[in-house]
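So you can see what is in the structure, the chains are spelled out below.
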Amino acid sequence: MMIKFAVIGDPIAHSLSPAMQNAALKLWNPDAEYIAVHVKTDELRNFTECARRELAGFNITVPHKGAVIPFLDGISKEARVAGSVNTVTVESGRLYGDTTDGYGLEQALAEAFAFSVPKGKIAFIGCGGAAHAAAVWFASRGAAELFLMNRTLATAESLAEKIRREYGTAVHTCALTDTNTLPAFLKRAEVAIQCTSLGLKPEDPPPFDPALLPGTIRVYDTIYKKTPIIRECLRRSIPCANGLAMLLHQGARSFEIWTRTKAPVERMRSALEAAYAKASR
Ligand SMILES: NC(=O)c1ccc[n+]([C@@H]2O[C@H](COP(=O)([O-])OP(=O)(O)OC[C@H]3O[C@@H](n4cnc5c(N)ncnc54)[C@H](OP(=O)(O)O)[C@@H]3O)[C@@H](O)[C@H]2O)c1
């Protein structure tokens with residue numbers, strides 16, 4: 001019998017996860033497969049009910065990482081505090097949610113900059129679902145200071161409050177338009193994570209004036225494309241990397257949660273890079 005896994009989202013056709021996960025799953029068990037399923041928000045209840053019977057696990061992407069939570073039987077502490085689930089394990093018909101985005105980003109920062117999250121000082125540009133998951137994970141891993149900068153200041157403040165309460169981490173916030181505090185935060189941080197959705201479209205402006213980036217920073221952009229922020233870093237030789245390694249490592253962690261075996265990370269990386277190159281043509 002096939003052991004089935006899936007990724008759900010709306011839209012989902014662009015997802016690179018099936019290529020990466022199938023490369024790993026086929027090594028683990030030739031009868032395992034991973035498919036992309038287009039699920040709209042009002043279909044989440046039906047999908048999760050079917051998943052109890054049909055699937056061994058599934059990933060969740062935009063826009064369902066928060067919306068799926070009420071349909072689950074349990075979630076990890078980090079997923080609860082972040083309000084974000086990207087990995088669900090099905091066991092005896094019960095659904096257990098976890099978040100691996102923060103783990104994926106931590107591994108990506110280690111690869112790109114030899115950066116270590118425990119005791120680290122990390123700035124987030126943008127405070128949506130991805131930043132919530134990563135900031136909570138970094139707090140749980142013992143980051144020294146977090147700087148949360150967002151267009152909507154109230155969102156950054158509410159996340160900061162939760163993190164202080166749950167983990168006791170020092171968290172500072174400001175609006176992306178605050179041209180006094182933002183550069184001061186970027187000078188104090190060792191790494192900045194670009195977490196806004198700006199840069200997905202070629203005509204997108206940068207989320208803030210990139211001239212405010214200090215030469216001392218390292219920049220990780222969660223988007224896989226050459227965003228305006230990445231272009232500025234390349235122009236000024238500021239160390240930078242795009243979001244592909246984060247995608248790889250969050251997927252590798254999901255694989256490990258589901259199969260309880262070590263992920264074949266290099267096999268997954270080759271499959272992901274090949275799928276990305278094909279999609280970019
Ligand atoms: N590499 C990976 O594995 C990975 C994983 C997850 C996500 N991502 C990427 O991370 C990015 C964010 O995803 P998400 O799930 O966090 O999305 P999200 O929850 O929709 O959050 C979007 C963020 O972008 C900000 N934003 C949107 N339009 C803006 C504008 N015009 N000016 C300034 N800020 C703006 C939002 O600010 P407000 O709060 O003010 O609306 C919010 O902080 C996406 O580009 C996604 O592709 C990558």
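Caption draft 1: Focus on the state of the cysteines. Tallied over the full model, the rule gives zero disulfides. Cysteine Cys127 is unpaired, with the sulfur of Cys195 as its nearest cysteine sulfur at 8.0 Å. Cys233 takes part in no disulfide bond, and the closest cysteine sulfur, belonging to Cys240, lies 4.8 Å away.

Caption draft 2: Geometry of the side chain of Lys65. By the element assignment, Lys65 lies in the loop between β3 (57-60) and β4 (74-75). At 2.7 Å, the side chain of Lys65 forms a polar contact with the side chain of Asp101. Discounting chain neighbours no more than four positions away, the residues touching Lys65 are Ile60, Gly83, Ser84, Val85, Asn86 and Asp101.

Caption draft 3: Summary view of the domain arrangement of the protein. Each domain of the protein was delimited in the assignment, giving domain 1 (3-99 + 250-280) and domain 2 (102-242). The C-alpha-based centres of domain 1 and domain 2 are spaced at 25 Å. Tallying the contact residues gives twelve residues for domain 1 and 14 residues for domain 2. Carbon and sulfur atoms make up 57% of the area that domain 1 and domain 2 hide from each other, which totals about 1200 Å².

Caption draft 4: Here's a closer look at the pattern of salt bridges. Under the definition given, this model contains 14 salt bridges. With a shortest N-O distance of 3.4 Å, Glu256 and Arg253 are connected by a salt bridge. In this pair, Glu256 and Arg253 both sit in helix α9 (residues 244-259), three residues apart, roughly one turn of the helix. Using a relative accessible area of 18% as the deciding quantity, one classes Glu256 as buried. For Arg253, a relative accessible area of 30% corresponds to the partly exposed category. Taken together, the shared-partner salt bridges in this structure form one network comprising Glu49, Arg52 and Asp73.

Caption draft 5: View of the packing of aromatic side chains. As enumerated under the stated definition, the model contains eight aromatic pairs in all. With a centroid separation of 5.0 Å and 45 degrees between ring planes, the pair formed by Phe147 and Phe185 is classed as tilted. One end of the pair, Phe147, is in strand β8 (residues 145-150); the other, Phe185, is in helix α7 (residues 181-188), with 38 residues separating them in the sequence. Residue Phe147 shares its accessibility class with Phe185, and that shared class is buried. Over the face of the ring belonging to Tyr103 we find Arg253, whose NZ or CZ atom lies 5.7 Å from the ring centre.

Caption draft 6: Representation of the pairing of strand β7 (residues 121-125) in the model. A large share of β7 lies buried, amounting to four of its five residues. Note that β7 and β8 share five bridges and pair parallel. Paired with Ala123 across the strands is Phe147, a residue of β8. Remark: the β7/helix α5 (residues 129-140)/β8 crossover connection has right-handed handedness. With four bridges joining them, β7 and strand β10 (residues 191-194) adopt parallel strand pairing. Across the sheet, residue Ala123 finds its bridge partner in β10, namely Ala192.

Rules behind the numbers
Residues numbered from 1 in each chain as written. Predicted model: local features only at pLDDT ≥ 70, side-chain atom pairs only at ≥ 80, totals over all residues. Heavy atoms only, no water. Disulfide = S-S within 2.5 Å. Helix = DSSP H or I, 4+ residues; strand = E, 2+ residues; numbered from the N terminus. Polar contact = N/O pair within 3.5 Å; in protein donor to acceptor, adjacent residues only side chain to side chain. Contact = heavy atoms within 4.5 Å. Domains from an automatic or database assignment. Buried area = accessible area lost by both parts, 1.4 Å probe. Salt bridge = Lys/Arg side-chain N within 4 Å of Asp/Glu carboxyl O. Buried < 20%, exposed > 50% of the residue type's maximum accessible area, 1.4 Å probe, protein only. Phe/Tyr/Trp six-rings, centres within 6.5 Å; stacked < 30°, edge-to-face > 60°. Lys NZ or Arg CZ within 6 Å of the ring centre and 35° of its normal. Pairing = 2+ DSSP bridges. Right-handed = clockwise from strand over helix to strand, strands pointing away.

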